[in-house]
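Overview (structure and organization)
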Amino acid sequence: MTSAQVDETDKTPEDKTPEEGYERGLGSRQVQMIAIGGAVGVGLFLGAGANIAKAGPSLIFMYALAGVIIFFIMRALGELLLYRPVSGSFAEYSREFLGPFFGYFTAWTYWLMWVVTGMAELTAAAIYVNYWFPAVSQWVTALAFLVILFVANLISVKLFGEIEFWFSMVKVTALIGMIVIGLGVLTFGFSSAGDTASVANLWQFDGFFPKGIGSSLMTLQGVMFAYLAVELVGVTAGESENPEKTLPKAINTLPWRIALFYVGALTVILCVVKWTEFAPGVSPFVEAFAKIGIPAGAGIVNFVVLTAALSSCNSGMYSTGRMLRTLADNGEAPKVFSKLSASKTPATGITISVAFMGIGVVLNYVVPEKAFGYVTSVATAAGIWTWLMILVSHVLYRRAVDAGRLPASSFPAPGGAKFSYVAIAFLLFVTGLIAYDPDSRICLYVMAGWTIALAAGWFALKSRNPQITERRNPEFEKVG
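The rules we used
- Residues numbered from 1 in each chain as written.
- Predicted model: local features only at pLDDT ≥ 70, side-chain atom pairs only at ≥ 80, totals over all residues.
- Heavy atoms only, no water.
- Helix = DSSP H or I, 4+ residues; strand = E, 2+ residues; numbered from the N terminus.
- Buried < 20%, exposed > 50% of the residue type's maximum accessible area, 1.4 Å probe, protein only.
- Contact = heavy atoms within 4.5 Å.
- Areas by Shrake-Rupley, 256 points an atom, 1.4 Å probe, with all protein chains shown as cover.
- pLDDT = per-residue confidence, 0-100.
- 1 Å grid on protein atoms, 1.4 Å probe; cavity = no way out; pocket = protein on both sides within 12 Å on 5 of 7 lines; lining within 4 Å.
- Points joined across faces, edges and corners; volume = space filled by probe spheres on them.

Some points on the overall build of the protein chain
- On a plain count of helices and strands, the protein chain comes out with 19 helices and zero strands.
- Counting across all 480 residues of the protein chain, residues that qualify as buried make up 61%.
- Here the contacts in the protein chain between residues at least 6 apart in sequence split such that 81% fall between residues at least 24 apart.
- Accessible area for the protein chain stands at about 17,700 Å²; split by element, carbon and sulfur atoms hold 67% of it.

Here it is as C-alpha cells:
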C-alpha cells in the first residue's frame, strides 16, 4: 500500500490545511455510530468490575457526574469544530489559541493516549478470547487482532467507517438487549437471579455508598477512562461528508447515550445482581448473565465486549495516523508522515502507531495479569490533558468572539464558556485524585517523562526551523 503514495511534502506547512488530501468518506450513518461507539468501550465492559468492587452502587452516580462533564467538553469541542472543522481538531485549536508548542504537545499526547489505549483494548480482547480458549496465550491473540485491524485501516477510510459502524451496532444492540432482559428479570422474576433481583439491591448492602464517598470518588479516574474516545468525532471532522449537519447531531445525542448505556445499564445490572458479587478483572455484564443463567448468555455477552475492545483499537489506529499527519504538516514530525497512500489514508503514520501498539503485545507476554492496569492509567492522564486543551481553547475562542476578532460558530455551547470553567475544575480535581492514589500515581511519572521528552524535541525542532514557533492565521474551509 505504501509503495503508491501521494507525496505532498513539497508543500510547506503554510501552504496546506491539515485535512487536505483526505477523502470525505464518512457519511452521517458512520459518524453517528462512531460517536455512539466512542461512548461505549472496554472501560465500561471490563473496567467497571473493579470500580463496582471499590464503590458499590455509588458507581452509577460517578458515571452520571462524569457524563455531565463530558457533555460540557463535547459542546465546547462542537463549537470549535463548527467554527473551523479540521482533521487535526483539538491539536489545531491548541495551536491556534495557545500557541504552536501546545498544538505540538497536544497532538503528540493524543497520539500517546490512543497508542496506550490500543494496548489496553488488545489486552482486553485477549482476556475475552481466553473465556472460550483458556489454553491460548494472551499475547498470541493480541498480536492476531493487531495485524487484522492494521490491514483494514490501510485499505480506506470507508472501510474503517464501515467496520466501526458494525462494531458499534453490535455493542449498542447488545447493551439495549441486556437492559431489556435485566428489566424483565426485575419485573417478572424469571431466571435463576429472579428471586434476589430487586431495586433494593442498590442500598440494602451497606448503603448506596458502602465504602464511603472518598472511595467512590477514587473511582473517577477509572470512570474517565471509560469515556475516552467520545472526542473522536472531532478527529473525523476532516473526513465527514457534511460536518455542519452530522457533528452537532452526534454531540447533542451524547446525553441520552450516557444515560442509557452507562447509567441505565449499570443500574439494571446492579439491581439484578448485588454489587458484592462482582470482582476486578471480570466483566460485570458477563458475570451478570452468568448469574441470570440464560443458556449461552454469558458467551454472547463476551462476544459483544470483545467487539467493543476491537472497535476501540480500530479507532485508535485511525486517529493516531491522522494525528501524526497533522504533526508532519506543521513541521513537528518527520515529513514522511505527511504522505497519503493511493487510498488516501496516512499509511506511514498508521504503521508506526501500530508498531508502538505492539508494545502491548509484549506486555501481555511479560505481565499479562497487570498489562490492563498499567496502560489504562497512562491513557487516562493523556486523555485528561487533551480534554483540558479543548476546554482552554474554547474559553479563549469565546473571548475572541466576544471581542469581535473571530466569527461566531454556528453551534455555540450553552452558557458560553461558563461550563468549560466547571469542567476544567473537575478535570484538575480528578488529576489530584490520581496523584493521591499510589496505584495510579505512576502514570503522572510517565507523563512527566513524556513532557521532558517532548520539550527536548521541541527545542531541537526550534533550533533547526525557527518558523514552527510562529503563530499562523487559520485557513477556513466552507462547510455545510
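Anyway, onward from the coordinates.
As for the confidence of the model for the protein chain
- Model confidence for the protein chain is summarised by a mean pLDDT of 79, while 81% of its residues fall at 70 or above.
- Across the protein chain, the secondary-structure element scoring lowest on mean pLDDT is helix H1 (residues 28-38), at 60, and the one scoring highest is helix H18 (residues 418-436), at 94.
- Segment residues 1-19 is flagged for pLDDT under 50; beyond a separation of four residues in sequence, or across chains, it makes 56 contacts in the model.
- When the criterion is pLDDT under 50, residues 21-25 qualifies, and its contacts beyond four places in sequence or with other chains add up to 28 contacts.

Thoughts on empty space enclosed by the protein
- Throughout the structure, instances matching the rule amount to two cavities of 30 Å³ or more.
- Empty space within the second largest cavity amounts to approximately 50 Å³.
- Taken together, Phe72, Arg75, Ala76, His394, Ala413, Pro414, Gly416, Phe419 and Ser420 make up the lining of the second largest cavity.

So, the environment of Phe429
- By secondary structure assignment, the location of Phe429 is in helix H18.
- Distance in space between the C-alpha atoms of Phe429 and Leu220 is 9.7 Å, their sequence separation being 209 residues.
- With sequence-adjacent residues up to four places away left out, Phe429 is seen in contact with Leu217 and Leu220.

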